[in-house]
Amino acid sequence: MPMWNDLDRALEGSGLTVKVGYAGWKSYGHGTPSKAESVGCHHTAGPPKGDTPSLNTVIYGRSDLPGPLCNLYLSRSGEVYLVAAGIGYHAGATLEPWQDNNSGIGIEAEATGVDPWPAHQYDVYARMCSHLAAYYHIPVGHVMGHKEICDPPGRKIDPNFGMDSFRDAVLKGGTVPVAPPAPTDFPDEEENAMLLLFSTDQLTDPEPGDPDADPPVPSKPATFRHGFHGQRSAEAGGGSQVAADAWAVFSTAWGGCHVSIAELNGAGGVHFLFGKPGEPAYVENNRAIPLHLGQGTRMVTVEGWRDSEGTVPSCDVYNLR
C-alpha cells in the first residue's frame, strides 16, 4: 500500500486552512501504512496558551517516543498541519486491528484536555474528519476517540468531549464560521520562535589508561557539554512598554535539556527568571514556563545544555509584543 500522501487532497474543498507542518511529510513516518480504516481523534494535553505549542513535539517526538506522533495536527485557531503520510505513533495498543497506527489516520488537536473546546476549533475538527471519512471511504462510526479504542479500556481520556455528539457533527460536515475568531497570539507562529544556537565544548581530554598496570587502569573517553543559547527582544515596536507576563515553551526531541532564562534591562542589569547562573534547571517537554517581566525589560535570553548532541530543543516565547 502507498503512503497516505494524499491527505492534502482529502481536505481539498473543505474550506479549511491547510499548512505543511513538516516539509517532507509525504515520505515521513514509521513505515508504510495499510488501507485507512479509521480516524483516531486525540488532544495534545499541552500548555493552556499558544496556537501551536505542541506542533514540534508531534512532528519530532519526545525523549521516550520518536516522531511523528500523528498524521495531522489541528491548532487552537483551527489551522490544519500536514505532519506525516506514513505511520504515526499515536494510538498505542488498541482493541481492534483497524484502530491501530497502521490503519488509523491520527489527528492531534491542540488542547489542554481539561478545558472546554472553542466552538470554531471543534467545528474544524468535525469537518476534517468528515472529509477524511468521505475521501478514504471510512464509516463515520470508525471516527473514534483515543479513549474508545485504547487497550486496556480507561487507559486514555482524549479527546475530552462526547464522541457520539462529535460523530453527529461529523455527519453534518461541521458548521465552520466564515471568519475564524482572532488568534490570541501572533497570527504568524514564526514570530514566537526564538532562534537557538548550538555548541559543543570538550570538558576533559580522553585518558588512554594502562591495561598492563596492576590493577589495570581503564581508559576514559573525553567528556563534552552540548550547549545552546538564544535571545528575543522584549520591546514593543521599539518602545519601552513590554508585557508584564509572558511564557516560554520548550520542545525537545531525542532527550531533555537544562535551561536558564534571564531578562536584561539594557543597562547591564540581569535578572534570572528560571534557573540560576551556571545552574540551569531541567525542563520537561512542552512545559509552559511563566515569565514575569520587570519594568524596562529589553530582552529575554535562554542558555543551557542538552542531554546529548542529538537532542534538538526549540523554544517559543509568547506575549513579548
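The following paragraphs examine the structure supplied in this document. (Residues numbered from 1 in each chain as written. Predicted model: local features only at pLDDT ≥ 70, side-chain atom pairs only at ≥ 80, totals over all residues. Heavy atoms only, no water.)

Right, let's get into the sheet that holds strand 9 (residues 193-194). Strand order across the open sheet formed by four strands is 9-18-12-16, with antiparallel pairing between neighbours. Strand pairing shows two members of the sheet lacking a second neighbour, strand 9 and strand 16 (287-292), which therefore form its edges. Note: strand 12 (residues 245-251) against strand 16, six bridges, orientation antiparallel. The residue bridging Asp 245 from the neighbouring strand is His 292, located in strand 16. (Pairing = 2+ DSSP bridges. Helix = DSSP H or I, 4+ residues; strand = E, 2+ residues; numbered from the N terminus.)

Tallied over the entire structure, the rule returns four salt bridges. Of the charged contacts, one joins Glu 79 and Lys 19 as a salt bridge, the two residues approaching to 3.1 Å between their closest N and O atoms. With a gap of 60 residues between them, Glu 79 in the loop between strand 5 (72-74) and strand 6 (80-82) and Lys 19 in strand 1 (residues 18-20) connect regions that are remote in the sequence. Taking the relative accessible area as the measure of exposure, Glu 79 reaches 17% and is therefore buried. Here Lys 19 falls in the partly exposed class, since its relative accessible area comes to 31%. The shortest N-O distance in the salt bridge between Arg 167 and Glu 148 comes to 2.9 Å. Here Arg 167, found in helix 5 (residues 163-172), pairs with Glu 148, found in helix 4 (residues 146-149); they are 19 residues apart in sequence, far enough to count as distant. Here Arg 167 falls in the buried class, since its relative accessible area comes to 12%. (Salt bridge = Lys/Arg side-chain N within 4 Å of Asp/Glu carboxyl O. Buried < 20%, exposed > 50% of the residue type's maximum accessible area, 1.4 Å probe, protein only.)

Each neighbour pair has its own omega, and for Gly 67 with Pro 68 the value is 5°, a cis peptide bond. In this structure, Pro 68 sits in the loop between strand 4 (65-66) and strand 5. With an omega dihedral of 0°, the bond running from Asp 214 to Pro 215 counts as a cis peptide bond. Structurally, the position occupied by Pro 215 is in the loop between strand 10 (196-204) and strand 11 (223-233). Phi angles above zero are rare outside glycine, and Ala 45 is one such case at about 55°. Among the structural elements, Ala 45 can be located in the loop between strand 2 (38-43) and helix 2 (55-60). A positive phi angle is found at His 137, which is not glycine, with a value near 60°. Here His 137 shows up in the loop between helix 3 (119-136) and strand 8 (143-145). Classification of His 137 as exposed rests on a relative accessible area of 70%.

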